[in-house]
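Spelled out from the first residue to the last, the chains are:
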Amino acid sequence: MAHLATKLAEANIAYHTKDAPDLTDAEYDAFKRRNTELEALFPHLKRKDSPTDQVGAGPADGFTKVTHAVAMLSLSNVFDDEDVGEFDGRIRKYLGLSADAPLSYTAEPKIDGLSLSLRYEQGQLVQAATRGDGAVGENVTANARTIDDIPHKIADAPDILEVRGEVYMSHSDFEALNARQTDAGDKTFANPRNAAAGSLRQLDSDITRARPLRFFAYAWGALSTPLSDTQIGAIEKLSALGFQTNPLTRLCDSPADMITQYRVIEQKRADLGYDIDGVVYKVNDLALQSRLGFRSTTPRWATAHKFPAELAWTHLEAIDIQVGRTGALSPVARLTPVTVGGVVVSNATLHNEDYIAGRDSKGAEIRGGKDIRVGDWVQVYRAGDVIPKVADVALAKRPSDAVPFTMAEVCPECGSAAIREPGDAVRRCTGGLICPAQAVEKLKHFVSRSAFDIDGLGAKQVEQFHTDGWIKEPADIFTLRARYGVGLQQLKNREGWGEKSATNLFDAIDERRKIPLHRVIFALGIRNVGEAAANLLALHYQSWAAFSKAMRDAAPGNAAWDDLISIDGVGAVMAQSLATTFQQDAEWASIERLIAELEIEDAVRPDTSHSPVAGKTVVFTGTLEKMSRAEAKARAEALGAKVSGSVSAKTDLLVAGPGAGSKAKKAIELGIEILDEDGWLALIGSS
Ligand code: IVH
């Protein structure tokens, strides 16, 4: 996930700020989707700088900045027909609608351009801004005024009207532009999207004027008066006000209908004359849209159904094993390089031994049960994954001497036994601290951005210091100056280090001796304990002393254990990982050596004075009639409450709907305040 965050951040800058993408769209989607999958599987590993929380990249230098009155968001993606039904299902569940309740959606092409927000005051275009990072974009008003599809003045408009849509370039205009660029000896553009972006973001608006840009309106930001009460009505209204809207926009009343419109649009794709990369579905009823609201960067009420990515056949040359921070042995396919959708692919993830054997984590067949062998011809698939996956194997072409893959039973890095525990698909090295691969990966994690984040000490430096024996464990980082810093000579002798960088490094390390508790917990790199979990643990225990004592004591069934798993978001698996780490002598000794070097700041619980439920622990039980559990939870959390799944002495409030059972009983026993749904809504001021 760290790798993905870096990759995606770099890709965002290349794409949004420099207009020179270094990944194809399919590859970018693949990275992003992989990250989303990982976050769904391991919510506690979600990063502070998670790519799912980021939209685009910040503004480039040269334009003034515009803070959007209403954030400009991104869209979640779905990739196949089944996902469309699931999207509908999630929405119904959130809204508490039955499967047969009427619910309609718009379906429209997803234009492959760049989004623009146009602000009209009293009908006059006063500002045009790019999306930027979603919160702050670039002021490109002068350039937007040169686009024919963008009216400068509109009659009968609301006093304040922010129209949002996509700036794009048609295929014919793109080709003509590239021909002119070639004639003039200027650089040509890779695709219409880059040409549109590069043209809109010209500091000289005369250049933009000479570039034939177009604009489709499909959304809005701030409004003094609503445009309509439906999405389709709002689009019609935008059209009536003089904006171009996409003629392939349709109202659909079921997922089947949406998929039909997807196919219609897909079929027309080649003849549209401009690039589209999928179909966007939006809940039609705007009141429902507002109830559904947003996740951190994407609306719940919309999604993009992307067109499929490409496949290619190549030769599987070898299967290598990589050892990760927690000792997981990961098989990686080494492929004869092949181009898939414009990108050269030479590695593919093979996940684990079951995957190679043709079984998923539940033992069900994948790839029709075909196993993967070195020497095989494999079909590589690049939609929705970071590292490509192997979609298929050509059994007819399998060499006669190809042998079934067998997983190493000893760690290739340290020779310790590699063991697969029951219920775990992954084989893990048992070498712990003696395994150099685990040690290096742990150290890399320790210095990563969300952990100690030491300037000048990145993955590369850590790896080098480890190889040379300067740093074996995290504590060694903090004794570097004492051991090698005198006169700086030893560090200066190393390649890549000079007087200044050496001094800076030692200073940066010292600066990090004082560090918040949650960062320390996260930095330890304990299996199953990600950033979110580290935050929860820090807030719960507040001090290192309390936290470490509890982890030393915790054992299934005792008070420390019960207290640990009472934290919403901490389960038995994570608790076991924590206990194992803290109770293993060598690990604990290593942690103590580290802690001796640090001054750990206590965690402070957030200010609880604003909302009536801030800081309170709320439990929902029984049937809620006005909203789903998910909506109730999201609203309570937005008001600063902590939502827990079980009633305990720490519960402040139980919201009980019809059918509440044992939880209500327990709450009565414990004397906890109980409200019905209406009482709850009255309390939070939205009855
Ligand atoms: S709606 C709150 N509709 O896709 C959601 N976006 O991946 C607002 N895009 O940032 C977006 N065609 O630049 C919407 N018909 C369409 C679109 C569309 C293209 C772009 C837009 C957005 C990105 C998200």
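Everything numeric in this text was worked out from a predicted model, so none of it was measured.

Draft legend 1. Fine view of the sheet that holds strand S21 (residues 617–621). Strands sit in the order S22-S21-S23-S24 across an open sheet of four strands; the sheet is parallel. Every interior strand has two partners, whereas the edge strands, strand S22 (642–644) and strand S24 (673–675), have only one. Pairwise comparison of adjacent strand axes, ignoring direction, gives a mean angle of 30° for this sheet. The sheet contact formed by S21 and strand S23 (residues 653–656) spans four bridges and is parallel.

Draft legend 2. How the structure looks around the site of the ligand. Around the ligand, the structure places 14 residues, and the nearest of them are Glu 108, Ile 111, Arg 131, Glu 166 and Tyr 218. Measuring from a nitrogen atom of the ligand, one finds a side-chain N or O atom of Glu 108 at 2.6 Å. Contacts to the ligand include Ile 111, whose backbone N or O atom sits 2.9 Å from a nitrogen atom. Put simply, the parts of the chain that give the shell around the ligand at least two residues each are strand S3 (105–111) and strand S10 (276–283). Class assignment for the residues of the shell around the ligand results in seven nonpolar, two polar and five charged.

Draft legend 3. Spatial organisation of the nonpolar core. Counting residues in hydrophobic clusters, the biggest one holds 58 residues, and the most contacted among them are Ile 477, Leu 537, Trp 544, Leu 564, Leu 578 and Phe 582. Within the second largest apolar cluster, 33 residues are counted, among which are Leu 161, Ala 196, Leu 213 and Ile 235.

Draft legend 4. Representation of the environment of Asn 77 in the model. Inspection of the secondary structure puts Asn 77 in strand S2 (residues 77–78). Under the relative-accessibility criterion, Asn 77 is labelled partly exposed at 27%. Separated by 228 residues in the primary sequence, Asn 77 and His 305 place their C-alpha atoms 5.8 Å from one another. Residues contacting Asn 77, with those up to four places away along its chain left out, are Asp 29, Thr 303, Ala 304 and Lys 306.

Draft legend 5. The pattern of salt bridges, seen in detail. For the coordinates displayed, the defined rule picks out 35 salt bridges. The salt bridge partner of Asp 354 is Arg 420, with a shortest N-O separation of 2.8 Å. With Asp 354 in helix H11 (residues 353–357) and Arg 420 in strand S17 (residues 418–420), the pair connects residues that are 66 residues apart, well separated along the chain. Judged by relative accessible area, Asp 354 falls into the buried class, the value being 10%. For Asp 510, the salt bridge identified is with Arg 481, shortest N-O distance 3.0 Å. Of this pair, Asp 510 sits in helix H17 (residues 499–511) while Arg 481 sits in helix H15 (residues 480–485), and the two are 29 residues apart along the sequence. Taking the relative accessible area as the measure of exposure, Asp 510 reaches 32% and is therefore partly exposed. A relative accessible area of 32% places Arg 481 in the partly exposed class. Among the ionic contacts, a cluster of salt bridges with common partners joins Glu 353, Asp 354, Arg 359, Arg 420 and Arg 427.

Draft legend 6. Seen up close, the pairing of strand S13 (residues 329–340). Here seven bridges tie strand S12 (residues 311–323) to S13, and the two strands are oriented antiparallel to one another. Each bridged residue has a counterpart across the sheet, and for Val 323 the counterpart in S13 is Leu 329. The turn joining S12 and S13, which pair antiparallel and follow one another in sequence, is formed by five residues; a positive phi near 85° is taken by Gly 327.

Draft legend 7. Local environment of the packing of aromatic side chains. Enumeration over the complete set of coordinates arrives at 17 aromatic pairs. Relative to Trp 301, the ring of Phe 294 has its centre 6.1 Å away and its plane inclined at 75°; by these criteria the two rings are edge-to-face. Exposure remark for Phe 294: the relative accessible area of 44% places this residue in the partly exposed category. Looking at Trp 301, the relative accessible area reads 14%, which means it is buried. The side chain of Arg 367 reaches across the aromatic face of Tyr 355, ending 4.8 Å from its centre.

Draft legend 8. Structural view of helix H5 (residues 171–183). Spanning 13 residues, H5 covers 18 Å between terminal C-alpha atoms, matching the ideal 18 Å at 1.5 Å per step. If you check which residues of H5 are buried, you get Asp 173, Phe 174, Leu 177, Asn 178 and Gln 181. With its buried residues spanning 135° around the axis, H5 presents them on a single face. Those residues of H5 that are exposed and angled more than 90 degrees off the buried face are Ser 172, Glu 175, Thr 182 and Asp 183. Among the structural elements, helix H6 (192–200) and strand S8 (214–223) are those in contact with the buried residues of H5.

Draft legend 9. The confidence of the model for the protein, seen in detail. Mean pLDDT over the protein works out to 89, with 95% of the residues at or above the 70 mark. For the protein, the element scoring lowest by mean pLDDT is helix H16 (residues 489–492), at 73; helix H8 (residues 231–240) scores highest, at 98.

Draft legend 10. Main features of the side chain of Asp 476. Mapping Asp 476 onto the fold places it in helix H14 (residues 474–478). For the buried Asp 476, no salt bridge exists, and the shortest N-O distance to an oppositely charged side chain is 4.5 Å, to Arg 483. For Asp 476, the side chain forms a polar contact with the main-chain nitrogen of Lys 472, separated by 2.6 Å. Those residues within four positions of Asp 476 in sequence are excluded, and the remaining contacts are Trp 470, Ile 471 and Arg 483.

So, how was this worked out
- Residues numbered from 1 in each chain as written.
- Predicted model: local features only at pLDDT ≥ 70, side-chain atom pairs only at ≥ 80, totals over all residues.
- Heavy atoms only, no water.
- Pairing = 2+ DSSP bridges.
- Helix = DSSP H or I, 4+ residues; strand = E, 2+ residues; numbered from the N terminus.
- Axes fitted to C-alpha atoms, helices over the stretch in contact; angles between N-to-C directions.
- Near = heavy atom within 4 Å.
- Polar contact = N/O pair within 3.5 Å; in protein donor to acceptor, adjacent residues only side chain to side chain.
- Nonpolar A, V, L, I, M, F, W, Y, C, P; charged D, E, K, R; others polar.
- Core = buried A, V, L, I, M, F, W, Y, C linked by side-chain atoms within 4.5 Å.
- Buried < 20%, exposed > 50% of the residue type's maximum accessible area, 1.4 Å probe, protein only.
- Contact = heavy atoms within 4.5 Å.
- Salt bridge = Lys/Arg side-chain N within 4 Å of Asp/Glu carboxyl O.
- Phe/Tyr/Trp six-rings, centres within 6.5 Å; stacked < 30°, edge-to-face > 60°.
- Lys NZ or Arg CZ within 6 Å of the ring centre and 35° of its normal.
- Expected span 1.5 Å × (residues − 1).
- Arc of directions from axis to C-beta.
- pLDDT = per-residue confidence, 0-100.
- Lys, Arg positive; Asp, Glu negative; His and termini not counted.

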